Amino acid sequence: MLREFFFARTRVDVAIAWTGIAVIIAHSIFSAWIKFAINGWYTKFYDLLQQSGKDLMTVNGTATNSTIASLEEAQQEVWDEMLVFFRIVLPAVVIHPGARWVRSHWALRWRMCLMRTYMDDWDPNVPPIEGASQRLHEDTQRFSKGVDSYLSVLLNSVCTLAVFTPILLSLGRRVTPAYPLLRAFGGGWMLMSACAAAVLGLGVAMLAGRRLVELEVANQRVGELPDPLGLPDPLGLPDPLG
């Protein structure tokens, strides 16, 4: 299914396939940078709010020209930080919807490419299977949607972890872990904890979801099996297919 899209028979499909994957990767990196920038903004912004609160309490107690000037300066810095936040999130307001549209169009073109490939290899001499066209549409739709969802989650997780790795290492050097086992990793104990938690969560999801895939396949096969008892329709309705 990968070869049919990324090495398709037409140049347009090949261009859309590789352009779409490049856009998805770039959007994941951009989303991770937005998270990193907002995290840094939070630190400075709340420090300013704390300092502004102290200056306000000082002014309420004993107001002097210096304390009033300090309060006005702190308030101006708070408004400046609000403008910084606006500049950080403004590109996301434009880029996120555009990237989502590209992802949806990319998944649709992948589905259409698979459909054309299957139809080209369709053998009319083979006896028809009831519901084959519906199954073809559903399977390609689920495949493209699943690949799009899982690829986005995987890329966002990897990019976010890569962006926050310096922060985790910096905090790990300043904070001593409570458990002796974690002290063996030195300053990287926070990073190792994050990686271990991610791997553990992924492993549990894979083990729990494996059975769900088998149940879904079995559920699809139920409609294809004939009635083993051969009982008539209890409503007595004629068969529309004759």
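Here the structure is a predicted model, which means the values were calculated and not measured.

Thresholds applied
- Residues numbered from 1 in each chain as written.
- Predicted model: local features only at pLDDT ≥ 70, side-chain atom pairs only at ≥ 80, totals over all residues.
- Heavy atoms only, no water.
- Helix = DSSP H or I, 4+ residues; strand = E, 2+ residues; numbered from the N terminus.
- Buried < 20%, exposed > 50% of the residue type's maximum accessible area, 1.4 Å probe, protein only.
- Contact = heavy atoms within 4.5 Å.
- Areas by Shrake-Rupley, 256 points an atom, 1.4 Å probe, with all protein chains shown as cover.
- Polar contact = N/O pair within 3.5 Å; in protein donor to acceptor, adjacent residues only side chain to side chain.
- Phe/Tyr/Trp six-rings, centres within 6.5 Å; stacked < 30°, edge-to-face > 60°.
- Core = buried A, V, L, I, M, F, W, Y, C linked by side-chain atoms within 4.5 Å.
- 1 Å grid on protein atoms, 1.4 Å probe; cavity = no way out; pocket = protein on both sides within 12 Å on 5 of 7 lines; lining within 4 Å.
- Points joined across faces, edges and corners; volume = space filled by probe spheres on them.
- Nonpolar A, V, L, I, M, F, W, Y, C, P; charged D, E, K, R; others polar.
- Salt bridge = Lys/Arg side-chain N within 4 Å of Asp/Glu carboxyl O.
- Patch = residues over 30% accessible without salt bridge, like charges linked within 9 Å, V, L, I, M, F, W, Y side chains within 5 Å.

Student: Explain the overall build of the protein to me, please; I cannot follow it from the model alone.
Tutor: Looking only at helices and strands, one finds 6 helices and 0 strands in the protein. The helix and strand sequence of the protein, counted from the amino end, reads α-α-α-α-α-α. When the 242 residues of the protein are sorted by exposure, 25% land in the buried category. The long-range fraction of contacts in the protein, counting pairs at least 24 apart against all pairs at least 6 apart in sequence, stands at 68%. About 17,600 Å² of surface is accessible on the protein, with carbon and sulfur atoms providing 67% of the total.

Student: It is not clear to me how the side chain of Arg103 should be interpreted in this structure. Could you clarify?
Tutor: With respect to the element layout, Arg103 can be found in helix α3 (residues 65-120). Given the relative accessible area of 17%, Arg103 is considered buried. Side chain to side chain, Arg103 and Ser152 meet in a polar contact 3.2 Å long.

Student: I'm lost on the packing of aromatic side chains in this one. Help?
Tutor: Aromatic rings considered in pairs are described by the distance between their centres and by the relative angle of their planes. This model, assessed by the stated rule, comprises 11 aromatic pairs. With a centroid separation of 6.4 Å and an interplanar angle of 65°, the aromatic rings of Phe6 and Trp106 are classed as edge-to-face. With a gap of 100 residues between them, Phe6 in helix α1 (residues 2-6) and Trp106 in helix α3 connect regions that are remote in the sequence. Looking at Trp106, the relative accessible area reads 2%, which means it is buried. Aromatic rings pair up to connect Trp41, Tyr42, Phe45, Tyr46 and Phe85 into one cluster.

Student: Looking at this structure, I do not really get the nonpolar core. What am I missing?
Tutor: The nonpolar side chains of a soluble globular protein tend to be buried with one another. Counting residues in hydrophobic clusters, the biggest one holds 12 residues: Phe5, Phe6, Ala8, Ile16, Ala17, Ile21, Ile24, Trp106, Trp110, Cys113, Leu114 and Leu155. Secondary structure elements with two or more residues in this core: α1, α2 (11-61) and α3. Setting aside residues up to four positions removed in sequence, Ile21 forms contacts with Phe6, Trp106 and Leu151. Of all hydrophobic cores here, the second largest spans 10 residues; its members include Phe30, Ala37, Ile38 and Trp41.

Student: Could you clarify how one ought to interpret the layout of surface pockets in this entry?
Tutor: Rolled over the atoms, a probe as big as a water molecule pinpoints where empty space is left. What the largest pocket holds in volume is close to 1,100 Å³. Forming the walls of the largest pocket are 24 residues, and the residues nearest its centre are Gly146, Tyr150, Leu202, Ala205 and Met206. For the lining of the largest pocket, the secondary structure elements donating two or more residues are α4 (132-174) and α6 (189-222). The leading source of residues in the lining of the largest pocket is α6, at 13 residues. Classifying every residue of the lining of the largest pocket gives 16 nonpolar, 5 polar and 3 charged.

Student: Please explain the pattern of salt bridges as it appears in this structure.
Tutor: Side chains carrying opposite charge are able to pair once their charged atoms draw close together. Under the counting rule described, the total for this entry stands at 3 salt bridges. Taken together, the salt bridges that share partners define one network made up of Asp13, Arg109 and Arg116.

Student: Is there a simple way to think about empty space enclosed by the protein in this case?
Tutor: In this structure the tally under the stated criterion is 1 cavity of 30 Å³ or more. Taken as a whole, the largest cavity holds about 30 Å³ of empty space. Lining the largest cavity are Ile24, His27, Ser28, Arg103, Ser152 and Asn156. Of all elements in the fold, only α2 and α4 reach the threshold of two or more residues within the lining of the largest cavity. At 3 residues, the largest contribution of residues to the lining of the largest cavity is made by α2. Of the residues belonging to the lining of the largest cavity, the class tally is 1 nonpolar, 4 polar and 1 charged.

Student: What is the right way to read a nonpolar patch on the surface from this model?
Tutor: Judged by side-chain polarity, Phe86, Leu90, Val93, Val94 and Ile95 come together as a nonpolar surface patch covering roughly 460 Å² of accessible area. By the element assignment, Leu90 lies in helix α3.

Student: Could you clarify how one ought to interpret the environment of Pro91 in this entry?
Tutor: Here Pro91 is to be found in helix α3. Residues Pro91 and Phe30, spaced 61 residues apart in sequence, show a C-alpha to C-alpha distance of 9.7 Å.

Student: Any chance you could explain the environment of Gly188 here in plain terms?
Tutor: Here Gly188 shows up in the loop between α5 (180-183) and α6. Sequence separation of Gly188 and Ser170 is 18 residues, and the distance between their C-alpha atoms is 8.5 Å.

Student: Just to check I follow, could you spell out the environment of Phe45 for this structure?
Tutor: Along the chain, the position of Phe45 falls in helix α2. Sequence separation between Phe45 and Glu81 is 36 residues; the distance between their C-alpha atoms is 6.4 Å. If near-sequence neighbours (up to four positions away) are discounted, Phe45 is found in contact with Val78, Glu81 and Met82.

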